[in-house]
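# Residue-level structural notes
Spelled out from the first residue to the last, the chains are:
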Amino acid sequence: MNIFVAKLNFKSKKEELEAAFAKYGQVTSCKIVRDKETGRSKGFGFVEMPNDEEATAAIAALNEKEFDGRVIVVKIANPKQQD
DNA sequence: AATGAGCGT
């Protein structure tokens, strides 16, 4: 299950996302999208969880909740170009 | 290098 996380604090790191979602389930990978030139965080990222039930639970638990001092938005991520 | 809705190097 790909999870889309937005409204992240600009100083947040992917490790924090991994830890936040890992508390509700197993996280196989996580990433925060940042600019390739400046390296600054774009304020949103993605979390990948193998268990659908844990992923949904993590989304419901972290969606519109405070993370790193900022209220974040957690939703199901749109399917990326995998072909 | 900056900023604050939205979907990835």
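See the structure above.
Note that the coordinates shown come from a computational prediction; the quantities given were computed from them, not determined experimentally. The residue numbering used here restarts from 1 in each chain and proceeds along that chain's sequence as written. Each chain takes a letter, starting from A, and each ligand takes a number, starting from 1, following the order in which they are written. Residues qualify for local features only when their pLDDT is at least 70, as the model is predicted, and side-chain atom pairs are given and counted only at 80 or more; totals for whole chains, interfaces and linings, by contrast, use all residues. For side-chain calculations, the full set of non-hydrogen atoms in the structure is used, while hydrogens and water are omitted.

A few words now on the side chain of Asn9. Secondary structure counts use DSSP, requiring at least four H or I residues in a row for a helix and at least two E residues in a row for a strand, with both numbered from the N terminus. Here Asn9 shows up in the loop between β1 (2-6) and α1 (14-22). The contact criterion used is simple: two residues touch if any of their non-hydrogen atoms lie within 4.5 Å. Apart from the residues within four sequence positions on either side, Asn9 is in contact with Asp68 and Arg70.

Our next topic: the environment of Lys11. Here Lys11 lies in the loop between β1 and α1. Residue exposure (1.4 Å probe, protein chains only): buried if accessible area is under 20% of the type maximum, exposed if over 50%, otherwise partly exposed. On the basis of relative accessible area, Lys11 is assigned to the exposed category, the value being 56%. In this structure, the C-alpha to C-alpha distance between Lys11 and Ser41, residues 30 residues apart in sequence, is 7.3 Å. Ignoring anything within four residues of it in the chain, the contact list for Lys11 reads Glu16 and Asp68. Any pair of N or O atoms that falls within 3.5 Å is considered a polar contact. Within protein, one atom must be able to donate a hydrogen and the other to accept it, and sequence-neighbouring residues count only if both atoms are side-chain atoms. Within the structure, Lys11 has its side chain in polar contact with the side chain of Asp68 (distance 2.9 Å).

On to the layout of surface pockets, then. Rolling a probe over the atoms, with the probe sized like a water molecule, indicates the empty space that remains. Lining residues are defined by having an atom within 4 Å of a point belonging to a cavity or pocket. Those points lie on a 1 Å grid over the protein atoms alone, cavities being sets where a 1.4 Å probe fits but cannot get out and pockets being open sets with protein on both sides within 12 Å along at least five of seven lines. Grid points are joined across faces, edges and corners, and a volume is the space filled by probe spheres set on the points. Here the largest pocket is characterised by a volume of approximately 260 Å³. Considering the residues around the largest pocket, the lining is formed by Asn2, Ile3, Ser29, Cys30, Lys31, Val33, Phe46, Val47, Glu48, Ala77, Asn78 and Lys80. Residue assignment for the lining of the largest pocket shows that the elements contributing at least two residues are β1, β2 (29-34) and β3 (41-48). The element best represented in the lining of the largest pocket is β2, accounting for four residues. The classification used treats Ala, Val, Leu, Ile, Met, Phe, Trp, Tyr, Cys and Pro as nonpolar, Asp, Glu, Lys and Arg as charged, and all other residues, Gly among them, as polar. Per-class residue counts for the lining of the largest pocket are six nonpolar, three polar and three charged.

Geometry only, nothing functional implied.
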